Amino acid sequence: VRAADFTVAAPVGRAGVVRMCAPPVGEPPLPVPLCLRHARCEGNPSVLEEILKAALERGDVYRTGSGWTRKSLVEIRLPETVVDSILLRVERLTKAQADVLRTASVLGRSFEYPLLRALCGGEVEDELAALAQQQLIEEEPGGHGRHRFRHALTQEAIYGSLATSKRQRIHGEAAMALKGERTAPAVDIAHHLLRANLQDEALPILMRAADSAYGARAY
């Protein structure tokens, strides 16, 4: 089933994903959780079609004796067609706006304004307003000042386009900034330290995070 068989205005639901992943009669189904369950295509039929095509061409999804199987989700990259279309939008931004967006991508799908401001070295309200107007960023409903990327794919593509050294540097700076906050969750600090390739510094904080989880019975 092709993306053209769906209306682009509305996201594809679970039933639609099943139809798009449906094999010929008598063939085993493709592993549907590849996209929808993990919010990679967000119900966009065209993106889903591109992801499936690229996954098959690269061997991310492949046949075995008992049917279809796939690589782990972290190994499945976005198709170049999807990445290129997203990065083209970034290239049309001003340098200041693009820098803020790239920094935000390191913080994840959702992020706090004070942390972004600290990493960018000053106020970035105007840049965030412009990015919201471009429908790249939005305020998180009920998030008390938190912002988020409108689409997870946008954050993933921009983050993946950054050089490893730049990603690690920003992750390290984010960890240092969070260490200065009394209420910053230990798991968030550890996440950035690990992404910054600072495992030795992350270890004691990971232990603190584990103790907090145990105390909250979040096994």
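Provided above is the structure to which this section pertains.
Residues numbered from 1 in each chain as written. Predicted model: local features only at pLDDT ≥ 70, side-chain atom pairs only at ≥ 80, totals over all residues. Heavy atoms only, no water.

### So, the overall build of the chain
Applied cut-off: By the criteria applied, helices consist of DSSP H or I runs no shorter than four residues and strands consist of E runs no shorter than two, each listed in order from the N terminus. Burial classification: accessible surface area is computed with a 1.4 Å probe over protein chains only, and a residue below 20% of its type maximum counts as buried, one above 50% as exposed, and the rest as partly exposed. Here, two residues are considered to be in contact whenever any of their heavy atoms come within 4.5 Å of each other. Values of accessible area rely on a 1.4 Å probe in the Shrake-Rupley scheme; residue burial ignores everything except the protein chains shown.
Within the chain, the secondary structure is distributed over ten helices and five strands. Put simply, the chain has 219 residues, and 39% of those count as buried. In the chain, the proportion of contacts linking residues at least 24 apart, taken out of those at least 6 apart, comes to 52%. By element, 52% of the accessible surface of the chain is carried by carbon and sulfur atoms, the whole surface being about 12,800 Å².

### A short note on the packing of helix α4 (residues 95-107) against helix α7 (residues 152-161)
Any two packed helices are characterised by the angle at which their axes cross and by the distance between the axes. Test applied: Axis definition: a line fitted to C-alpha atoms, limited for helices to the stretch in contact. Angles are taken between N-to-C directions and run from 0 to 180 degrees. Working definition: roughly parallel below 35 degrees, roughly antiparallel above 145 degrees, roughly perpendicular at 65 to 115 degrees, and oblique for all remaining angles. In this count, Pro and Cys sit with the nonpolar residues alongside Ala, Val, Leu, Ile, Met, Phe, Trp and Tyr, while Asp, Glu, Lys and Arg are called charged and the others, Gly among them, polar.
The N-to-C vectors of α4 and α7 enclose an angle of 100 degrees; their axes lie 8 Å apart at closest approach. Relative to α7, α4 is oriented roughly perpendicular. Residues L101, R102, S105 and V106 of α4 form the contact with α7, whose own contacting residues are Q155, I158 and Y159. Among the residues forming the contact of α4 with α7, the class breakdown is four nonpolar, two polar and one charged.

### Some points on unusual backbone geometry
Despite not being glycine, Q135 has its phi angle at roughly 60 degrees, a positive value. As for its placement among the helices and strands, Q135 is situated in the loop between α6 (125-133) and β4 (137-139). Here the phi dihedral of R217 falls at roughly 60 degrees; this positive angle occurs in a residue that is not glycine. In this fold, R217 is placed in the segment after α10 (199-215). Given the relative accessible area of 68%, R217 is considered exposed.

### Quick look at the nonpolar core
Which entries qualify depends on this criterion: By nonpolar core is meant a set of buried Ala, Val, Leu, Ile, Met, Phe, Trp, Tyr and Cys residues that side-chain atoms within 4.5 Å join together.
Within the largest apolar cluster, 42 residues are counted, with the highest numbers of intra-cluster contacts made by L101, F111, L116, L128, L131 and I137. Secondary structure elements with two or more residues in this core: α3 (80-91), α4, α5 (113-120), α6, α7, α8 (164-179), α9 (186-195) and α10. Here this core gets six residues from one element, more than from any other, and that element is α4. The contact partners of L116, leaving out residues within four places of it in the chain, are V100, T103, A104, L107, F111, V124 and L128.

### Re the sheet that holds strand β3 (residues 110-112)
Put simply, the rule is: Any two strands between which DSSP finds at least two bridges are classified as paired.
Here we have three strands laid out as an open sheet, ordered β3-β5-β4, and antiparallel in their pairing. The open sheet has two edge strands, β3 and β4, and neither has a second partner. On average, adjacent strands in this sheet sit at an angle of 30 degrees to one another, irrespective of strand direction. As judged from the three bridges shared by β4 and strand β5 (residues 146-149), these two strands associate in the antiparallel manner. Residue pairing for β5: E138 is matched across the bridge by R148.

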